[in-house]
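# Coordinates in review
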Amino acid sequence: MRVLVLALTVALVASQQINLVPEFAAGKTYVYKYEGQILGGLPQEGLGKAGIKVSCKALIRAEARNTYLLKLEDPQIYEYAGIWPKDPFAPASKLTSALKAQLATPIRFEYANGAVGQVFAPAKVSATVVNLHRGILNILQLNLKNTQNVYEMHEAGPHGVCKTHYMITEDAKSRQITVLKSKDLTNCHERVIKDAGLAYAEKCAECQQRLQSLTGTATYSYTMKPTDAGVQVSEAAVDEIHQFSPFNTMAGAAQMRAKQTLTLMEVQGTPIAPDNTQYLSRGSLKYEFGAELLQTPIQLLKISNAEAQTAEVLKQLAANNVAMVSEDAPLKFLQLVQLLRAATFENIQAMWNQYKTKPIHRRWILDAAPAVGTPAALRFIKEKFQAGEFSAPEFTQALLLGLHLATADPEAIQQAASLAQSPKIRAMPALREVIMLGYGSMVAKYCAEVPTCSADLLKPVHDNAAEAIAKGEISEISLALKVLGNAGHPASLKPIMKLLPGFGSAAAAMPTRVQVDAILALRNIAKKEPKLVQPVALQLFMDKNLHQEARMVACIALFETKPSAALMSTVAGAIEKEPRNEVASFAYSYIKSLTRSMAPDFVNVAAAANVAVRILSPKLDRQSYFSSTAYHLDLYVSPLMAGAAGTAFIINDAATIVPRAVVAKARAYLAGAAADVLEVGVRTEGLQKALQRTSAADENADRITKIKHILKAVSD
């Protein structure tokens, strides 16, 4: 009897437990009222803000098991550009009509147990419109648990897989369930983020540990009603905020705030007809960056007829800026650049053929083409030079800016590689060196955006290096090593090691200068793959048979890997027994200067250096002023998240007073990123011998005669 009562009690409790799974019953269409808005600007009232608002009906209907359709009806788009909060949103009728067909197209999505899966849409629906649908579907992303009322988890969404906190409460009287969900948008795996304008900068994770320049959070509030199969979302509100400051968000920041509301209006039986075209997979809830033309933010431009608009702007620039520069010249120039970004190679070529004989028009085209930064513009510069239509100064100016400003992608990299290999460029060694180094930097920029970039991008350089080694062309080998150093691709480690003493057979036949170039090429690779470079650099530094300049450069490459305390202690032990004073002096001075480092990314290195200095003998402090030395000085202001660092290397030879090489480097920190802004190097190889061959070496000559002969030797 007791067993029977217990069984009945358990059955009664189970029957009263609510299944917390959002339900959209088959054969029914759920009609929601949706409104979402985004505003960006400073948070204080009375300041300017800009944004957009979308309102519509969102219809959801089950199409098959775990497959649903979402359709937007009566979409209206509003824009905001004014003083917040007194100015109202204004209807954007043109934008609404332009996107009406795409917004009215139903999309298909997978939905099971409150989790949104794959999203499907026809090809005609742009990434921007699909992202709008993702924003609505993200409201329905609910991972609810029946066994817990308060819990944390990582949940997928448009921003990535972010840390999420749930709190579920139930009102027994009204039979309503309230769910509060909050997301930490800074704490995400597979975070969807895109950095712009930081092609030559590195992310500094250590800089963002205490203070961050970009933070974000989102809160969700749901009201649900139980049904026979689960729960029905009757109302939802979302408040999402992102804050950014180049210094830190503690002292105020610009904000991007998004608000969404979703309210159930009715449940009806009208079916939703899918589009007749094929539905393609558009990924998951993760935000998708569109491939639309990026406009200059300070000068937005509506492009209807690019060719006609380009001709008109070019004529205005040529006519209004002859005697003096007009007030609207900068904006007109930006318009010209923006229009040329939308042009094909054929369009640019046709414009050039029309205006190349007109000096003023020609100058404006040559000034704008490098700033365009598209593969079509880079191809235009290359082909017109090869056709002899550019003078050498015109080409040099256009090329230097074009390689720097070009958007790094496989097509642009291919253009730079083919330009460097052209016979006309090969006949101009100085210009070819600039192109080759720019080619390496372009590969580095592309691989910074696409970490899985292929090693085939550097295949022409690898082939050139192998051919130059076979022929013994020292200048070509050095150039190839500098290009590989600029690119910093880990796949280049193997070709570089062929020229490192003790690792490659070809290294023995190479002069010290080539060996030094090969070691220096490891520095950028060391930042990406320190574990691969550390053993190579350490072995080179420990090799006492190696030239002392190569060993000192190996020490520089080793410290680029940010060695641990154990590795730093190993280096200190080697310095204690080092027979060459120049090598010991250089390594000791470098370690000692690192002990004072305040930069966040060198905190662990500074701690390791402090341990290593205590191991070393104090006598190393008493070095000659002419000894090889390394200096490192930095300053980092944590509340501002900004700082600067300077490093100088003086590599000397015991037999001479004049240093063999001097290298200086400046590094800047800002907004959680770090960049080597400047690096200058001078080699004095052969200068000492040249001075010794002059008659100024005669002790009987007067001072003025000695100075004259020295200056003549230096100039020669």
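Coordinates for the structure precede this section.
Residues numbered from 1 in each chain as written. Predicted model: local features only at pLDDT ≥ 70, side-chain atom pairs only at ≥ 80, totals over all residues. Heavy atoms only, no water.

Before going further, it helps to examine the state of the cysteines. Under the counting rule described, the total for this entry stands at three disulfides. Shown here is the disulfide that connects C162 with C188, its sulfur atoms set 2.0 Å apart. Sign of the S-S torsion, about 100° for the bond between C162 and C188, identifies this disulfide as right-handed. Within this pair, whereas C162 is found in strand 8 (residues 160-171), its partner C188 is found in strand 9 (residues 176-189), the two being separated by 26 residues in sequence. You can call C188 buried: its relative accessible area is 16%. Note on cysteine connectivity: C204 is disulfide-linked to C207, with sulfurs 2.1 Å apart. Residues C204 and C207 are joined by a disulfide whose S-S torsion is about 70°; by sign, that bridge is right-handed. Assessed through its relative accessible area of 3%, C204 is described here as buried. When the cysteines engaged in disulfides are numbered in sequence order, the protein pairs them as 1-2, 3-4, 5-6. (Disulfide = S-S within 2.5 Å. Helix = DSSP H or I, 4+ residues; strand = E, 2+ residues; numbered from the N terminus. Buried < 20%, exposed > 50% of the residue type's maximum accessible area, 1.4 Å probe, protein only.)

This part covers the sheet that holds strand 10 (residues 202-203). What the five strands build is an open sheet, ordered 10-18-17-16-15; its pairing is antiparallel. Of all strands in the sheet, those bounded by a partner on one side alone are strand 10 and strand 15 (629-637). The sheet contact formed by strand 10 and strand 18 (residues 673-683) spans two bridges and is antiparallel. Bridging from a neighbouring strand, E202 pairs with A674 of strand 18. Running over the sheet, helix 21 (residues 581-594) touches strand 15 and strand 16 (642-651) and is turned about 10° from strand 15. (Pairing = 2+ DSSP bridges. Contact = heavy atoms within 4.5 Å. Axes fitted to C-alpha atoms, helices over the stretch in contact; angles between N-to-C directions.)

Next up on the list: the pattern of salt bridges. Summed over the entire model, instances satisfying the criterion amount to 26 salt bridges. Across the salt bridge formed by R379 and E383, the nearest N and O atoms sit 2.9 Å from each other. Highlighted residues: R379 and E383, both in helix 8 (residues 375-386), separated by four residues, approximately one helical turn. Overall, the relative accessible area of 29% leaves R379 in the partly exposed class. In this structure, E476 and R432 form a salt bridge, with 2.7 Å as the shortest nitrogen-oxygen distance. Of this pair, E476 sits in helix 14 (residues 474-487) while R432 sits in helix 12 (residues 429-449), and the two are 44 residues apart along the sequence. Neither residue differs from the other here; E476 and R432 are each classed as buried. Through salt bridges with shared partners, one network takes in E202, K527, K562, D601, R667 and D676. (Salt bridge = Lys/Arg side-chain N within 4 Å of Asp/Glu carboxyl O.)

What follows concerns helix 3 (residues 127-139). Along its 13 residues, helix 3 runs 19 Å from first to last C-alpha, staying within 8% of the 18 Å computed at 1.5 Å per residue. Most of helix 3 is tucked away, with eleven of its 13 residues classed as buried. (Expected span 1.5 Å × (residues − 1).)

In this section: the side chain of R667. Among the secondary structure elements, R667 is positioned in strand 17 (residues 661-670). In terms of polar contacts, R667 uses its side chain to reach the side chain of E202, at 3.1 Å. Among the polar contacts made by the side chain of R667, one reaches the side chain of Y669 at a distance of 3.3 Å. Sequence-distant contacts of R667, that is, excluding residues within four places in its chain, are made with E202, K527, D601, G643, A644, A645, A674, A675, D676 and V677. (Polar contact = N/O pair within 3.5 Å; in protein donor to acceptor, adjacent residues only side chain to side chain.)

Let's shift gears to unusual backbone geometry. Note the cis peptide between W84 and P85, where omega equals 5°. A positive phi is found at D74, a non-glycine position, where the angle reads about 50°. Relative to the helices and strands, D74 resides in strand 3 (residues 67-83). One non-glycine residue with positive phi stands out, namely R175, at about 50°. With respect to the element layout, R175 can be found in the loop between strand 8 and strand 9.

Function-wise, these values are silent; they only describe arrangement.
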